[in-house]
Amino acid sequence: AAGRDVPPTERGDESRVLLAPGRGRRSVRQRRLLGEGRSGRGWEMPHPTWKSVACKEGPPLEALQREHEALTRCAHGGVVRSYGLSGKALLLEIIEESDAQGTDAFEWVRGRPPVVEENVPRRNLPVAFGYDQQEEGESAYVSCGPVGYARLRAMIDALAASLRAVHTAGYVHLDVCGDNVLVEQPTERVVLIDFDLARPFAGGRERPAMSFAGRAAHIAPELGRGEVSPANDWYGLGVFAFEAACG
C-alpha cells in the first residue's frame, strides 16, 4: 500500500527489534507508515531475511497470534503472506506498488481521483448500505470504462478464488471491502489482506467475538443474528463489486 515517510518527530521510539526465524535479533528502523486502522498501524521496515516487511503493531498479542494462524491456514496466492510474530508485531509481506500505479483496488478499476477540496464529498454507498448520511455530488473517480470493467471482472474472479481457499481452510474473513483488497504492481496480483477479524467457521449458527464486525456497509444482515458462514464474505464481495463499479 502507498505509505508516507515519517519524520523522527512523529515516530516516537524509532527503533524496533525484528526476530527472523532461525536468526538472531536485529535492530532496525522504521522506514514508512503504510496505514492506520481501528486497531493499529502498519510500517514498512527492512528485514534481515526479506528485503522489507509490513510490520503490523497495536492489536493485543493474542489477536496478532490469531491473525497469523488464520493466514497460515489460509495460505493462497491471493492472500497476504504472514512471516510470523516478532515481539508484539506481526510481520507481513509488502504488496508492491509502482511509480505510475498504486495498490488501491478502486483506483485500479476507476482511475486515480483528481485532487478536490476537503469539503467536497464523494458519492460512495447510499444510506441503504449502512452509511450514516447520503453524500452528494459526482464521484471523484472517473466513470468506469471498458478497461475498468475488464479489470473489475478479473479482480472479482481472483477474490472469489481467494475466498474459496479461505472457506476451504475453515475460516471466514468477515471484512471483505475495498480497504482490504490491494493490487500488486506490476504483476496485477489481487491480494486479500487484514485478517484481524477472521474466525474459524464450524458450521451452523455461530456468534463472532464482536456483535458487529467489519464496516457497516459490508456487514451481511444475518450477522446481526449471529450467523457466521461463508455467505457473510460473499455478501461483502457483492457490496465491494457494486462500489467499485458505481462509485
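Quick notes on the rules
Residues numbered from 1 in each chain as written. Predicted model: local features only at pLDDT ≥ 70, side-chain atom pairs only at ≥ 80, totals over all residues. Heavy atoms only, no water. Core = buried A, V, L, I, M, F, W, Y, C linked by side-chain atoms within 4.5 Å. Buried < 20%, exposed > 50% of the residue type's maximum accessible area, 1.4 Å probe, protein only. Helix = DSSP H or I, 4+ residues; strand = E, 2+ residues; numbered from the N terminus. Contact = heavy atoms within 4.5 Å. Salt bridge = Lys/Arg side-chain N within 4 Å of Asp/Glu carboxyl O. Expected span 1.5 Å × (residues − 1). Arc of directions from axis to C-beta.

Our focus in this paragraph is the nonpolar core. Within the largest apolar cluster, 36 residues are counted, with the highest numbers of intra-cluster contacts made by Val80, Met155, Leu159, Val181, Phe195 and Phe240. Take this core: its biggest share by element is 5 residues, from helix 4 (residues 146-168). Apart from the residues within four sequence positions on either side, valine 181 is in contact with Thr103, Ala105, Met155, Leu159, Val190, Val191, Leu192 and Phe240. Grouped together as the second largest cluster of nonpolar side chains are 8 residues, Met45, Tyr83, Ala89 and Leu91 included.

A separate point is the pattern of salt bridges. Per the counting criterion, the structure on display carries 6 salt bridges. We note a salt bridge from lysine 56 to aspartate 194, for which the minimum N-O separation is 3.3 Å. Here the residue lysine 56 occupies a position in strand 6 (residues 52-57), and aspartate 194 occupies one in the loop between strand 11 (190-192) and strand 12 (199-200), the gap between them amounting to 138 residues. Just as lysine 56 is buried, aspartate 194 falls in that class too. Of the charged contacts, one joins arginine 66 and glutamate 62 as a salt bridge, the two residues approaching to 3.5 Å between their closest N and O atoms. Residue arginine 66 and its partner glutamate 62 are located together in helix 2 (residues 61-73), separated by 4 residues, close to a single helical turn. On the basis of relative accessible area, arginine 66 is assigned to the partly exposed category, the value being 36%.

With that settled, consider helix 5 (residues 230-246). The terminal C-alpha atoms of helix 5, which comprises 17 residues, lie 25 Å apart, in line with the 24 Å expected from a rise of 1.5 Å per residue. Of the residues making up helix 5, those classed as buried are Asn232, Asp233, Gly236, Leu237, Val239, Phe240, Glu243 and Ala244. Viewed end-on, helix 5 has its buried residues packed into an arc of 165 degrees, placing them on one side of the element. Those residues of helix 5 that are buried are in contact with helix 3 (105-110), helix 4, strand 9 (171-172) and strand 10 (181-183).

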